[in-house]
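Chain by chain, the residues:
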Amino acid sequence: MHFHSREGALGEEVYDGLLALLAEVTPTVEALPPDAALMDVRGAVRYFGHDPAELAMLLRVRVLARYGADCTVGIAGNPTLARMVARDGPPGAVRTLSGGRGGPGAVAAFLARKPVAALPGVGPATARALCAYGLDSVGRVAGAPLPTLERILGAAAGRRVHERARGIDPTPVTPDARARSMGAEHRFATDELDPGHRRRALLALADGLGARLRGSGQVAQGLKLTVRYADGSSSTRAKSFAEPTAHSPDLIAAAYALHTALALQRARVRSVALRAERLRDGHAAAHQLSFDPADEKARRVEAVVDRARELFGPGVVGPAAALDVA
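Residues numbered from 1 in each chain as written. Predicted model: local features only at pLDDT ≥ 70, side-chain atom pairs only at ≥ 80, totals over all residues. Heavy atoms only, no water.

**Some thoughts on the packing of aromatic side chains**
Turning to step 1, where the next piece is worked out: One pass over the full model with this rule turns up one aromatic pair.
Turning to step 2, where the next piece is worked out: Ring centres of Tyr-47 and Phe-48 lie 4.9 Å apart, and the angle between their planes is 85 degrees; on these two criteria the pair is classed as edge-to-face.
Turning to step 3, where the next piece is worked out: Its relative accessible area of 69% is what places Tyr-47 among the exposed residues.
Turning to step 4, where the next piece is worked out: Take Phe-48: its relative accessible area is 36%, and that puts it in the partly exposed class.
Turning to step 5, where the next piece is worked out: Taking NZ or CZ as reference, Lys-114 lies 4.5 Å from the ring centre of Phe-110, over its face. (Phe/Tyr/Trp six-rings, centres within 6.5 Å; stacked < 30°, edge-to-face > 60°. Buried < 20%, exposed > 50% of the residue type's maximum accessible area, 1.4 Å probe, protein only. Lys NZ or Arg CZ within 6 Å of the ring centre and 35° of its normal.)

This is the structure we're talking about:
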């Protein structure tokens, strides 16, 4: 399910509210920040006595009534197919692939002509590697021998892409603890090609996340980067920290590393989003003492900056490199 706000980007509070609304139908809801979610409605179908399409229409009415937002719903037999079906539809559409069960013929026809980058989890670097061998569509990837894909992408990634191209995805919908995460997103005014501009946006996002974490007395054990492209597809990368942190330089360094790992090069990027995950009480988290005077100085400066923001507002001070982010 993809949400569409009339005002552009969904606010975090609105997104949390939408997830809570979905949980009124089924407890098995997986957040896909910044504007999507997966649901397993098998139990809800039996409980409410409605098929998935009827439940989807009910949810769309509730989303419109409570939040003034619309949604596109994809119904299929596994998460990969559901996400792709929803991505193809306009706001308000409820689209079903073979009655939600994904029959082999219907699935093959649906996937055959799609570009390989449309597969969830296939980012620009993987797509370029496949296209270099002429595997530029999902249908061609599905028809390629598994050993060929394993040689191109590696054993694990090759098997995964081979399965997804054939409409196979055994991954369950996993409910996640949204209350234990905190996120922020930047949408560019135009599709962004310049990696320097994307890094400046990540700098501003990570610095702001650090301030919010410290202000709430929390630390993060991981950071997730989501990059959404001009064609509506997205890539996600995540990193775990050696120790929980709310220190902005740690978050910024992690965001830069995740961005570099995607090898985007000339990708047309619509938005970037960061999410601090697995939050904990900062007062209860252990911190390894450092003998590096520069690190201690940075933490003292950070405390002063936080105090200034508390007194005069969040925009009073910030990284100079992030001033021209648009």
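**Remarks on the pattern of salt bridges**
Side chains that differ in sign of charge can pair as their charged atoms come close.
Turning to step 1, where the next piece is worked out: Summed over the entire model, instances satisfying the criterion amount to 14 salt bridges.
Turning to step 2, where the next piece is worked out: Arg-187 serves as the salt-bridge partner of Asp-35, at 3.4 Å between the closest nitrogen and oxygen. Of the two residues, Asp-35 sits in the loop between strand E2 (29–32) and strand E3 (36–39) while Arg-187 sits in strand E6 (residues 182–192), which places them 152 residues apart along the sequence.
Turning to step 3, where the next piece is worked out: Classification of Arg-187 by relative accessible area gives partly exposed; the value is 34%.
Turning to step 4, where the next piece is worked out: For Arg-187, the salt bridge goes to Glu-185, with nearest N and O atoms at 3.4 Å.
Turning to step 5, where the next piece is worked out: Salt bridges sharing partners connect three or more residues here, namely Asp-35, Glu-185, Arg-187 and Arg-228. (Salt bridge = Lys/Arg side-chain N within 4 Å of Asp/Glu carboxyl O. Helix = DSSP H or I, 4+ residues; strand = E, 2+ residues; numbered from the N terminus.)

**A word on unusual backbone geometry**
Turning to step 1, where the next piece is worked out: With phi around 50 degrees, Ala-263 is a residue other than glycine that occupies positive phi space.
Turning to step 2, where the next piece is worked out: Relative to the helices and strands, Ala-263 is located in the loop between helix H11 (248–261) and strand E9 (269–277).
Turning to step 3, where the next piece is worked out: In the Ramachandran plot, Arg-278 falls in the positive-phi region, its phi being about 50 degrees despite a non-glycine side chain.
Turning to step 4, where the next piece is worked out: If you trace the backbone, Arg-278 turns up in the loop between E9 and strand E10 (280–281).
Turning to step 5, where the next piece is worked out: Residue Arg-278 is classed as partly exposed on the basis of its relative accessible area, which comes to 35%.

**Re the packing of helix H8 (residues 146–153) against helix H9 (residues 155–165)**
Turning to step 1, where the next piece is worked out: Look at H8 against H9: their axes get within 7 Å of each other, and the N-to-C directions meet at 130 degrees. With respect to each other, H8 and H9 are oriented oblique. In terms of crossing hand, the pair formed by H8 and H9 is right-handed. Each of Leu-146, Leu-149, Glu-150 and Leu-153 in H8 lies in contact with H9, whose residues at this interface are Ala-155, Ala-157, Gly-158, Arg-159, Val-161 and His-162.
Turning to step 2, where the next piece is worked out: Here the contact of H8 with H9 is composed, by residue class, of six nonpolar, two polar and two charged. (Axes fitted to C-alpha atoms, helices over the stretch in contact; angles between N-to-C directions. Parallel < 35°, antiparallel > 145°, perpendicular 65-115°, else oblique. Left-handed = near helix turned anticlockwise from the far one by under 90°. Contact = heavy atoms within 4.5 Å. Nonpolar A, V, L, I, M, F, W, Y, C, P; charged D, E, K, R; others polar.)

**Observations concerning the confidence of the model for the chain**
Turning to step 1, where the next piece is worked out: Across the chain, pLDDT averages 85, with 84% of residues at or above 70.
Turning to step 2, where the next piece is worked out: Per-element confidence in the chain ranges from a low mean pLDDT of 67 for helix H12 (residues 293–312) to a high of 95 for helix H7 (residues 138–143). (pLDDT = per-residue confidence, 0-100.)

**Some words on helix H3 (residues 52–67)**
Turning to step 1, where the next piece is worked out: When the terminal C-alpha atoms of H3 are compared, their 22 Å separation across 16 residues agrees well with the 22 Å that a helix rising 1.5 Å per residue should span.
Turning to step 2, where the next piece is worked out: On its buried side, H3 packs onto strand E1 (2–4), helix H1 (12–22), E3, helix H2 (42–48), strand E4 (70–75) and strand E5 (94–96).
Turning to step 3, where the next piece is worked out: Where H3 begins, the capping side chain belongs to Asp-51, and its oxygen is found 3.1 Å from the backbone nitrogen of Ala-53.
Turning to step 4, where the next piece is worked out: Of the residues trailing H3, Gly-68 is marked for its positive phi of about 65 degrees. (Expected span 1.5 Å × (residues − 1). Polar contact = N/O pair within 3.5 Å; in protein donor to acceptor, adjacent residues only side chain to side chain.)

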